[in-house]
Amino acid sequence: MKFDTPATTNPIDRLKVVGKPVDRIDGPLKTTGTAPYAYERHDVAPDHAYGYVVGSSIAKGRIVAIDTSKARRAPGVLAVVTAQNAGKLGKGNFNTARLLGGPDIEHYHQAVAVVVAETFEQARSAAQLVHVDYARAKGTFDLASAKGSATKPKDGKPDTAVGDFDKAFAASAVTLDATYTTPDQSHAMMEPHATIAAWEGDRLTLWTANQMVDWSRGDVAKTLGIPKENVRLVSPYIGGGFGGKLFVRADAIMAALGARAAGRPVAVALQRPLMMNNTTHRPATIQRIRIGTSKEGKIDAIAHESWSGDLPGGGPETAVSQTRLLYAGPNRMTAMRLAVLDLPEGNAMRAPGEAPGMMALEIAIDEIAEKVGMDPVEFRVLNDTQVDPENPKRPFSQRRFVECMRTGAKKFGWERRAARPGSVREGRWLKGLGVASAFRNNLVMKSAARVRLERSGRLVVETDMTDIGTGSYTIIGQTAAEMLGLPLDRVDVRLGDSSFPVSAGSGGQWGGNSSTAGVYAACVKLREAIAQKLGVDANTAVFDGGDVVANDRRVPLTKAVAGGDIVAEDGMEYGDLDERYQQSTFGAHFVEVRVDAATGEIRIDRMLAVCAAGRILNPKSARSQVIGAMTMGVGAALMEELVVDKRLGFFVNHDLALYEVPVHADIPHQEVVFLDETDPISSPMKAKGVGELGICGVAAAVANAVYNATGVRVRDYPVTLDKFLDKLPPV
Amino acid sequence: MAPSNDWKFTRRDVLKMGAMSVTALAAPRLVAGGSESGLGATSKPVTAKVGMEVNGAQQALELDTRTTLLDALREHMHLTGTKKGCDHGQCGACTVIVDGRRINSCLTLAVMHEGAKVTTIEGLGRPGSLHPMQAAFVKHDGYQCGYCTPGQICSAVAVLDEIKADIPSHVTGDLTAKASFSRTEVRERMSGNICRCGAYSNIHDAIEEVAGGAA
Ligand code: FES
Ligand code: FES
């Protein structure tokens, strides 16, 4: 099915199941520990052995010699695989560095060996006996010093320009020119990257934790040099991904190689202390933002430049993308430059581009609003645009940004904010309020599904879509139930298996809308088949309460399947609506903090997000997406930073003790408001993404609240007390 | 100062190390010899027999003495509801209740738990017969990916018991007054259980509901 004209009324609009805040259908499994994650498949691989990965202890250079003889002789060891005996390996389309290093080493903790043994303890013990001699080469590890060598990336759209920025900026009544930095960050999902691999002849099955089943099936095949059809990927439950599990990682390849060498299924989970340097991370950025306005606060000129680094062949963190779309202004430019760094591979983490981009842009807006002498909510409202500011002929499909700001301000009690920073003191606490916009583009992706109405009257949905905590099981079930007029408990949803039709997968906040649109398409086909069986017109028949209603008659659905199951398979593809219209999601974040006047300790007291993101398919799981993103935004604001050892080239704090993420004590009650909205230009679901919108702008709202509390502006994330303690007002 | 290799303990030092070490010394009944000195793939690791009650069922195991309680549960008893997030005591995903108190099962060896009563997430409730805390997590959407969830739930159940048992926490203001349920207390006590999906606000609502029901 092709979606190339805006949606009109369709069965989803009945909203009997879709749009309801139903509990997740996988909830009872997840809360009882019975949902099977990748490393837990004793049911399918009962005699598997265990692999333990050895990571490189240099960042760049060569392996001169690798001695595995001691490890091979250790108790229980079945195989040791290194680049020397792995056979020829390719590199996946989505990988920048190779997943098994040697002899060349591209980054610290790049896998150099996997030790396979009967037990985990034996594999771990023997892994310590692998002896590697390295020849260390000189690497570049510091973005600030490599900034001068950064070049214009070859792919994508690194630069944009409209009007004459320089001239307009020079002539502006009020100007801001400031530089911000965001650090490298780690996904740090709770489930380590994990895979069990089993070979049957030349066919490979991987039970793995992966967000994008089809991409990764292809990349496993490409890396191992086997046909894609010979690879099956199964990923029904994923313990968090946030972009870190978009691609094939070393666990999958090491498990496959280990299993081939040992002649047994092998389970590999990346050890936690290996994850942060072995896998991908959100790259650090340096961002320069210049804004020029009239005396009244209208933006005349806006420029956003960003520098980031990656391994050779990698890409930039696209931190300027939102600045091309978020605020009006006739004269504008954006530019991205990429330096070569020999740190671990940079790649997508929740809202790549916008998350770090908004961290900088939304402080800049706070700063310029203050310079103009305007309330930051009013400043944002004044500079709203209803069209793509770089291409004014292109409207937004929906843009209720101002309403988000106004609704949030009212609900949060924004009028109580003191405009003069550092002026509200309650006992030992300095209090402050902060606001930021939320903005993230909406992407649509081709997605297919298979639906089967069984003789029992149950409806089964199969698609290789994944649920990484996003609620896919539930919203897909709701979609199918709505389409067939069934209660949700008559629908079984099966996900994450490459033997199912190829879906959009989970990434870029496209998964919810795109995968349900694919299920919609399959259900339209199923409805036609059922109607035909029953001899009624599919276009006028109403599927309701387990019946088909047509010509004033009600026939139970089960009648159509009396002779056997009916199966339908289809997918949704998209025309050019996303080119004709800019599709984005909008929101506003409000935060209240208190800062200890003596110690600088920051506590967050209140958080509110108002979101306009199309139809909300399940307000309960959508709200969870947003509060989770707000929590990650707090981490970005106050604590998250992979600390670079600039001498040896690795992330020093590579475990969960030293890479700090928010814990219970850091997070207050969080409120989320969804504007009642549908976007018929997006898909027949009229929905958009929301899981990444929630993180965009949060960190800046926190930083702006800290500024409002203390009067000290911190432009380098995370906002830790060492960066402002000496500048606090006298106690 | 030269590095010291002197690891000889006096008897008094061992006594000073406290109950945990004493248990460790007393518990294992070593049954197989072996060494790690490269005798080849056939040599057996040091194993020990250990018996414990897990979710009401008696378990008799013979384990490599290096096996953590977490891996004993996951890899030997196939109780995979208890999760491994870090294997280093940094995340709380492996929380189980041992003899009434919650512990990080990755930080303790299985052989230290001879005779212990262990409750895991599977022992609290099953789909169709959920423990009230499990049901509250479903109702309040106190999870997303679900990977930290068993640990959060075991912790939450134990936290309410700790408060009931008047065990103070870092944020308990008055140590002479009876410990009581409050947002600050619960957030502090739950802070060893990381949820990267960020379900904290909902988890809190779930715990609050169960605590209210219990009071
Ligand atoms: S797995 Fe035990 S604390 Fe993380
Ligand atoms: S639900 Fe995913 S880490 Fe807590």
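Residues numbered from 1 in each chain as written. Chains lettered and ligands numbered in written order. Predicted model: local features only at pLDDT ≥ 70, side-chain atom pairs only at ≥ 80, totals over all residues. Heavy atoms only, no water.

Colleague: What is the right way to read the overall build of chain B from this model?
Modeller: Each helix and strand in chain B was counted, giving 8 helices and 6 strands. Out of the 215 residues belonging to chain B, those deemed buried represent 52%. Of the contacts formed within chain B by residues at least 6 apart in sequence, a portion of 51% connects residues at least 24 apart. (Helix = DSSP H or I, 4+ residues; strand = E, 2+ residues; numbered from the N terminus. Buried < 20%, exposed > 50% of the residue type's maximum accessible area, 1.4 Å probe, protein only. Contact = heavy atoms within 4.5 Å.)

Colleague: Looking at this model, I keep getting lost on the domain arrangement of chain A. Mind explaining?
Modeller: All names here are of chain A. Structurally, chain A comprises domain 1 (2-35 + 444-577), domain 2 (38-138 + 189-277) and domain 3 (353-442 + 583-727). With centres defined by C-alpha atoms, the gap from domain 1 to domain 2 works out at 36 Å. Taken together, the contact between domain 1 and domain 2 spans 21 residues of the former and 19 residues of the latter. Together domain 1 and domain 2 conceal approximately 1400 Å² of surface at their shared face, both sides included; 56% is due to carbon and sulfur atoms. There are 1 salt bridge connecting domain 1 and domain 2. (Domains from an automatic or database assignment. Buried area = accessible area lost by both parts, 1.4 Å probe. Salt bridge = Lys/Arg side-chain N within 4 Å of Asp/Glu carboxyl O.)

Colleague: How should I be thinking about the UniProt feature "domain: Aldehyde oxidase/xanthine dehydrogenase a/b hammerhead" (unreviewed entry) in chain A in this particular structure?
Modeller: The sites that carry the UniProt feature "domain: Aldehyde oxidase/xanthine dehydrogenase a/b hammerhead" (unreviewed entry) are, in the present numbering, residues 32-138 of chain A. In residues 32-138 of chain A, helix accounts for 13% and strand for 33%; the two terminal C-alpha atoms are 50 Å from one another. (UniProt positions renumbered as here; feature names shortened; annotations may be inferred.)

Colleague: Teacher, can you tell me more about the nonpolar core here?
Modeller: Considering soluble globular proteins, one finds that nonpolar side chains tend to be buried as a cluster. All names here are of chain A. By size, the foremost hydrophobic cluster in this structure holds 245 residues, and its most contacted members are L484 and I530. Apart from residues no more than four positions distant in its own chain, L484 is found in contact with L459, C523, L526, R527, I530, F543 and L557. Grouped together as the second largest cluster of nonpolar side chains are 33 residues, I66, I105, A126 and W207 included. (Core = buried A, V, L, I, M, F, W, Y, C linked by side-chain atoms within 4.5 Å.)

Colleague: I keep staring at the sheet that holds strand β13 (residues 266-269) of chain A and nothing clicks. Help me out?
Modeller: Strand pairing in a sheet relies on backbone hydrogen bonds. The paired strands run either parallel or antiparallel. All names here are of chain A. Across the sheet, which stays open at both edges, the 7 strands sit in the order β4-β6-β2-β13-β10-β11-β12 with mixed pairing between neighbours. For this open sheet the edge positions go to β4 (77-82) and β12 (231-234), each flanked by a neighbour on one side alone. Ignoring which end each strand starts from, the neighbouring axes of this sheet average 20° apart. Where strand β10 (residues 194-200) meets strand β11 (residues 203-208), 6 bridges bridge the pair, whose relative direction is antiparallel. Bridge pairing links A198 to T205 in β11. (Pairing = 2+ DSSP bridges. Axes fitted to C-alpha atoms, helices over the stretch in contact; angles between N-to-C directions.)

Colleague: Please clarify how the packing of aromatic side chains should be interpreted in this entry.
Modeller: We describe a pair of aromatic rings using the distance from one ring centre to the other and the angle between the two ring planes. Residue and element names in this part refer to chain A. Tallied over the full model, the rule gives 18 aromatic pairs over all chains. Measuring from centroid to centroid gives 5.5 Å for F439 and F586, while their planes differ by 65°, and the two rings are edge-to-face. Residue F439 is located in strand β18 (residues 429-441), and its partner F586 is located in strand β26 (residues 584-596); the two are separated by 147 residues in the primary sequence. By the burial criterion, F439 is buried, and F586 matches it. Here the aromatic cluster, defined as three or more aromatic residues joined through ring pairs, consists of Y327, F396, F401, F439 and F586. (Phe/Tyr/Trp six-rings, centres within 6.5 Å; stacked < 30°, edge-to-face > 60°.)

Colleague: Hey, could you run me through the interface of chain A and chain B in this one?
Modeller: How big an interface is tends to be stated in terms of the accessible area lost upon association of its parts. Contacts between the two partners involve 67 residues from chain A, matched on the other side by 62 residues from chain B. Across the chain A/chain B interface, buried area totals approximately 5100 Å², and carbon plus sulfur atoms make up 55% of it. Sorting the residues of chain A by area buried against chain B places A:T31, A:M190 and A:H664 first, and these three jointly supply 16% of that buried surface. Remark: the boundary between chain A and chain B carries 4 salt bridges.

Colleague: What is the right way to read unusual backbone geometry from this model?
Modeller: Leaving glycine aside, a negative phi is the common case for residues, and trans is the common case for peptide bonds. A cis amide bond links A:G102 to the next residue, A:P103, at an omega of -5°. By the element assignment, A:P103 lies in the loop between β4 and β5 (104-105). Omega for the bond connecting A:Y717 with A:P718 falls within 30 degrees of zero, at -5°, which places this linkage in the cis form. In this fold, A:P718 is placed in the segment after α17 (698-710). One non-glycine residue with positive phi stands out, namely A:N551, at about 50°. In this structure, B:D87 is a non-glycine residue whose phi angle is positive, near 65°. Secondary-structure assignment places B:D87 in the loop between α3 (69-76) and β4 (95-98).

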